[in-house]
Amino acid sequence: MAKIIEEADGTAAADGASNADVNSVLERALADRQTLIQLCLYALDRARSGGVVERIEQGLAGIGVTAVRPDGQRFDPSLHEAGGAVATDDPALDGVVAETEVVGFADHERLLRAPVVTVYTKR
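This one's a predicted model, so the numbers in the text were calculated from it and none came from an experiment. (Residues numbered from 1 in each chain as written. Predicted model: local features only at pLDDT ≥ 70, side-chain atom pairs only at ≥ 80, totals over all residues. Heavy atoms only, no water.)

J.: Give a description of the sheet that holds strand β1 (residues 65-68) that names residues and reports values.
T.: Strand order in the open sheet formed by three strands is β1-β4-β5, and the pairing between neighbours is antiparallel. The strands lining the two open edges of the sheet, one partner per strand, are β1 and β5 (110-113). Taken pair by pair, the neighbouring strands of this sheet meet at an average axis angle of 35°, ignoring direction. Across four bridges, the pairing between β1 and strand β4 (residues 104-107) is antiparallel. Paired with Val65 across the bridge in β4 is Asp107. Strand contacts of helix α2 (residues 19-46): β1, β4 and β5, with the helix running at about 160° to β4, the strand carrying the most contacts. (Pairing = 2+ DSSP bridges. Helix = DSSP H or I, 4+ residues; strand = E, 2+ residues; numbered from the N terminus. Axes fitted to C-alpha atoms, helices over the stretch in contact; angles between N-to-C directions. Contact = heavy atoms within 4.5 Å.)

J.: Could you give an account of the pattern of salt bridges, with specific residues and numbers?
T.: This model, assessed by the stated rule, comprises four salt bridges. Between Arg33 and Asp107 there is a salt bridge; the shortest N-O distance is 2.6 Å. One end of the pair, Arg33, is in helix α2; the other, Asp107, is in strand β4, and 74 residues separate them in sequence. For Asp107, a relative accessible area of 7% translates into the label buried. Across the pair Arg123 and Asp89 runs a salt bridge whose closest N-O atoms are separated by 2.8 Å. Of the two residues, Arg123 is situated in the segment after β6 (116-122) and Asp89 in the loop between β2 (81-88) and β3 (97-102); the sequence distance between them amounts to 34 residues. (Salt bridge = Lys/Arg side-chain N within 4 Å of Asp/Glu carboxyl O. Buried < 20%, exposed > 50% of the residue type's maximum accessible area, 1.4 Å probe, protein only.)

J.: Any chance you could break down the environment of Val103 for me, citing the residues and the numbers?
T.: Among the structural elements, Val103 can be located in the loop between β3 and β4. On the basis of relative accessible area, Val103 is assigned to the buried category, the value being 17%. Expressed as a C-alpha distance, the spacing of Val103 and Arg69, which sit 34 residues apart in the sequence, is 5.9 Å. Setting aside chain neighbours within four positions, we find Val103 in contact with Ala67, Val68, Arg69, Arg113 and Pro115.

None of this, on its own, says anything about what the molecule does.
Here you go:
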């Protein structure tokens, strides 16, 4: 992002535009990007076709928005939302995500939506 801003500032200086103009355009573009991402997530949640879901996920991944499916990872309440629990006799599975109920999404490293997961709990 910093590189884009530097390039935009350099272009603005060459074209006689002010830094404020460039920053305004960049802020609007980032806001528009966030709006489009949210619209894609809305559409993805309502898609009935697996192919449509896959295509939307691929398109989002192309701009750095990735699906979060933490199956098999240790449950982390700061990253995951517990939607349910399933009993296990295996102590090694206690606190591990059994399955993802609702896919989460991250924009690069920033969590947009936590995945809703089912967690193994010891009997």
